[in-house]
Amino acid sequence: MKTVIVGGVAGGASAAARLRRLDERAEIILIERGAYISFANCGLPYYIGGEIRDASDLTLQTPEAFNKRFRIDVRVEHELLAIDAINRTVTVKNKASGREYREYFDKLIVAVGAEPIRPPIPGIGADKVFTLRNIPDTMRIKRYIDHNGPEEAAVVGGGFIGMEMAENLKRAGLAVTIIEQLDHLIPAFDAEMAADIHHYVRSKGIRLHLNDGVREIAEKEDRLEIRLGKSTLHADLLLLSVGVRPESAIAKAAGIELNPRGAIAVDGHMRTSVKDIYAVGDVAEVRDFITGDTAFVPLAGPANKQGRIAADHIAGIASRYEGTQGSAILKIFDMTIAATGINERTAQNKGYDYDKVYLYSASHAGYYPGAEYMSIKVLFERGSGKLLGAQIVGFDGVDKRCDVLAAAIRLGAKASDLTRLELCYAPPFGSAKDPVNMAGYVIENLENGIVKQFHWHDVKDLTRDGGATLLDVRTGGEAAGGMIPGFRHIPLDELRDHIDGLDKGKPVYLYCFSGMRSYLACRILMGYGFNCSHLSGGYRLYHAIMEDYAVIKGR
């Protein structure tokens, strides 16, 4: 049996290697348009910034080594021109010789990936406008920086690749501005969780233009003039990172079904609508693990798994792809940003009856030197307590907490399950009650009616006309540094002394720095018969959001 795989990197190369491990006698041909069949796609920005110094480190497998190890017919610099599903052939062009030929297949795996989106903006084709998809793109950017000595760069798009490129262009010595159409960086995150990111990125000297987009690009005096909706910027290079779209035109022409996003429609075995043709990686649709909807989520981890599953099915193993939950992580300088599952916008749009909790937890025991705090948001379904998603922003320890939450979501865990997890603990690594355990305890208390909460966006709607009691239970020193307008200050440790002066007929809304002391205050007041709610995430989160909004609005 002959299997032709079109496209290497994550999905195609994984499929080829897996198929050979399962079938030593299979004829396997791997066709790749570029010169590299397997490279560190996610590592490309770090070569530009100098973290990865040797370009050869970006190449994970050479065609020669791949052939020697797996006896696979690897044809680089060969471009797919057409698929003939009826006659089971692909038309391929040898880019070096210009010769076109047809190759027969018994099975075909399409793994051609996705291409950077280039919006129809006047001037988008300028020589100083770059995209980053592969090693040749990387080398073009690196050569331009090394040979031309640019001083200023604009990055259009504040997603994961845009952020990584912003950091690495900064490390390469350029002044950097990020332009993002939305009101916050990292569109996969909810806006309030980006407030800490914005503050940190600005502290590193990167300028942000949020709620704005590029309208036109013009070359003026050997520089780029970038006209936005609200202002005009100048730069020596522009990195376009506004997303990718599946390279599915050839598949469509062959009669293979696409979804509305242009991704190739597949089943759980990665089979397309055409018999014996599979699609994997960024060109293929996926099912959202949480919502069950079809989606387009271009990530390396899922692509590797899909390649393996397609090879399994060809070899007679009934593996299935169970969906993508969007687990992703980003390093921006020393900050770590991670997410898994759905965000709040998706929960709202899909009609979930959900709630959320915010925590501000240390990476390890507070008494052990070097503890760093992380801001955590967890979404859950009311009633069932089922976990829907999580977002974490911090420094040390973010990755492992998000990984634990990702695993819990994948296994269908409820918030109460988080309280029972027995996670590794020693003072340098965590706390006896890990932040993941704490998230479970907080949600469990809400679900059991032990405490009630309100959120940062509810503060503006709280009555200040005497119909409710509004309390700040932080210390005097904390309150002196700023309070939410309309709140009265009574420190937690003095609260019981003021019980008689509070009206039990009025609801009480209170806050502390992070939510822990306000929870304790609510339990005290509820013990005396008060109807009490506390601010989830506390003053720290509220102040960070309000401060960020003020900066964005003032620009």
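Located above this text is the structure these notes cover.
Keep in mind that this is a model prediction, so the values were computed, not measured. (Residues numbered from 1 in each chain as written. Predicted model: local features only at pLDDT ≥ 70, side-chain atom pairs only at ≥ 80, totals over all residues. Heavy atoms only, no water.)

With that out of the way, let us pick up helix H3 (residues 63-70). If you check which residues of H3 are buried, you get Pro63, Phe66 and Phe70. The arc that holds every buried residue of H3, seen down its axis, measures 65°, which confines them to one face. Seen from the open side of H3, the exposed residues pointing more than 90 degrees away from its buried face are Glu64, Lys68 and Arg69. Where H3 terminates, the next one or two residues include Arg71, which has phi positive at roughly 50°. (Buried < 20%, exposed > 50% of the residue type's maximum accessible area, 1.4 Å probe, protein only. Helix = DSSP H or I, 4+ residues; strand = E, 2+ residues; numbered from the N terminus. Arc of directions from axis to C-beta.)

On to the state of the cysteines. Inspection of the entire model under this criterion finds one disulfide. Covalent S-S linkage joins Cys522 and Cys532, the inter-sulfur distance amounting to 2.4 Å. With the S-S bond torsion at -75°, the cross-link from Cys522 to Cys532 turns out left-handed. Note that Cys522 is positioned in helix H14 (residues 516-527) and Cys532 in strand E32 (residues 532-535), a separation of 10 residues in sequence. Summarising the burial analysis for this pair, Cys522 and Cys532 share the class buried. (Disulfide = S-S within 2.5 Å.)

To continue, consider the sheet that holds strand E14 (residues 207-209). Taken in spatial order, the five strands of this open sheet run E11-E18-E12-E13-E14, and their pairing is parallel. The outermost strands of the open sheet, each flanked by one partner alone, are strand E11 (129-130) and E14. By the bridge criterion, five bridges tie strand E12 (residues 152-156) to strand E13 (residues 175-179) in an arrangement that is parallel. Across the sheet, the residue bridging to Ala153 is Val176, located in E13. Along the sheet, helix H5 (residues 160-171) makes contact with E12, E13 and strand E18 (237-240), crossing E13 at roughly 165°. (Pairing = 2+ DSSP bridges. Contact = heavy atoms within 4.5 Å. Axes fitted to C-alpha atoms, helices over the stretch in contact; angles between N-to-C directions.)

Attention now moves to the pairing of E32. Here E32 shows a buried face lined by Cys532 and His534 and a second buried face lined by Ser533 and Leu535. Pairing of strand E28 (residues 453-454) with E32 involves two bridges; the strand directions are parallel. Looking at the pairing, Gln453 lines up with His534 of E32. Sheet topology places strand E31 (residues 508-511) next to E32; three bridges connect them, and they run parallel. From the neighbouring strand, Tyr509 faces E32, where its bridge partner is Ser533.

Below, the discussion takes up the packing of aromatic side chains. Under the criterion given, the structure shown has nine aromatic pairs. Here the aromatic rings of Tyr360 and Tyr373 are separated by 5.0 Å at their centres, their planes lie at 20°, and the arrangement is stacked. In this pair, Tyr360 sits in strand E25 (residues 354-362) while Tyr373 sits in strand E26 (residues 373-381), placing the two residues 13 residues apart along the sequence. Every member of this aromatic cluster is reached through a ring pair, and the members are Tyr360, Tyr373 and Phe513. We note Arg410 situated over the ring of Phe289; from NZ or CZ to the ring centre the distance is 4.1 Å. (Phe/Tyr/Trp six-rings, centres within 6.5 Å; stacked < 30°, edge-to-face > 60°. Lys NZ or Arg CZ within 6 Å of the ring centre and 35° of its normal.)

This part covers the nonpolar core. Looking at soluble globular proteins, one finds that nonpolar side chains tend to be buried together. Counting 58 residues, the largest nonpolar core has Met163, Leu169, Leu185 and Ile197 as its most contacted members. Broken down by element, this core gets its largest block of residues, six residues, from helix H15 (residues 538-554). Sequence-distant contacts of Met163, that is, excluding residues within four places in its chain, are made with Gly158, Ile178, Leu185, Ile186, Ile197, Val201, Leu330 and Ile332. Within the second largest apolar cluster, 47 residues are counted, among which are Ile256, Tyr278, Ala310 and Tyr321. (Core = buried A, V, L, I, M, F, W, Y, C linked by side-chain atoms within 4.5 Å.)

Among the surface-exposed residues, Arg287, Lys305, Arg320 and Arg410 lie close enough to one another that they form a single positively charged patch. Among the secondary structure elements, Arg410 is positioned in helix H10 (residues 398-410). (Patch = residues over 30% accessible without salt bridge, like charges linked within 9 Å, V, L, I, M, F, W, Y side chains within 5 Å. Areas by Shrake-Rupley, 256 points an atom, 1.4 Å probe, with all protein chains shown as cover. Salt bridge = Lys/Arg side-chain N within 4 Å of Asp/Glu carboxyl O. Lys, Arg positive; Asp, Glu negative; His and termini not counted. Charge placed at Lys NZ, Arg CZ, Asp CG, Glu CD.)

On the surface, a cluster of negative charge is made up of Asp334, Glu372, Asp396, Asp399 and Asp403. Relative to the assigned elements, Asp334 resides in the loop between strand E23 (328-332) and strand E24 (335-341). For Asp334, a relative accessible area of 56% puts it in the exposed group.

Before going further, it helps to examine the sheet that holds E26. Pairing between sheet strands relies on hydrogen bonds along the backbone, with the strands arranged either parallel or antiparallel. Overall, antiparallel pairing links the five strands, which are arranged E23-E24-E27-E26-E25 in an open sheet. The open sheet is flanked by E23 and E25, the only strands paired with a single partner. This sheet shows a mean twist of 10° between the axes of neighbouring strands, independent of strand direction. Sheet analysis places E24 next to strand E27 (residues 387-394), joined by six bridges and oriented antiparallel. If you follow Ala338 over to E27, its bridge partner there is Ile392.

Topologically, Ile443 is positioned in helix H12 (residues 435-447). Residue Ile443 is classed as buried on the basis of its relative accessible area, which comes to 0%. In contact with Ile443, other than residues within four places in its own chain, are Val357, Val378, Phe380, Leu387 and Ala415.

Applying the stated criterion across every chain yields a total of 39 salt bridges. Lys95 serves as the salt-bridge partner of Glu77, at 3.7 Å between the closest nitrogen and oxygen. Residue Glu77 is located in the loop between strand E5 (73-76) and strand E6 (78-84), and its partner Lys95 is located in the loop between strand E7 (89-94) and strand E8 (100-104); the two are separated by 18 residues in the primary sequence. In this structure, Lys107 and Asp276 form a salt bridge, with 2.6 Å as the shortest nitrogen-oxygen distance. Taken together, the residues span a long stretch of sequence, with Lys107 in strand E9 (residues 107-110) and Asp276 in the loop between helix H7 (249-253) and strand E20 (277-279) at a distance of 169 residues. A residue is classified by how much of its surface remains accessible, and Asp276, at 10% relative accessible area, is buried. Among the ionic contacts, a cluster of salt bridges with common partners joins Asp190, Glu192, Glu344, Arg345, Lys356 and Lys377.

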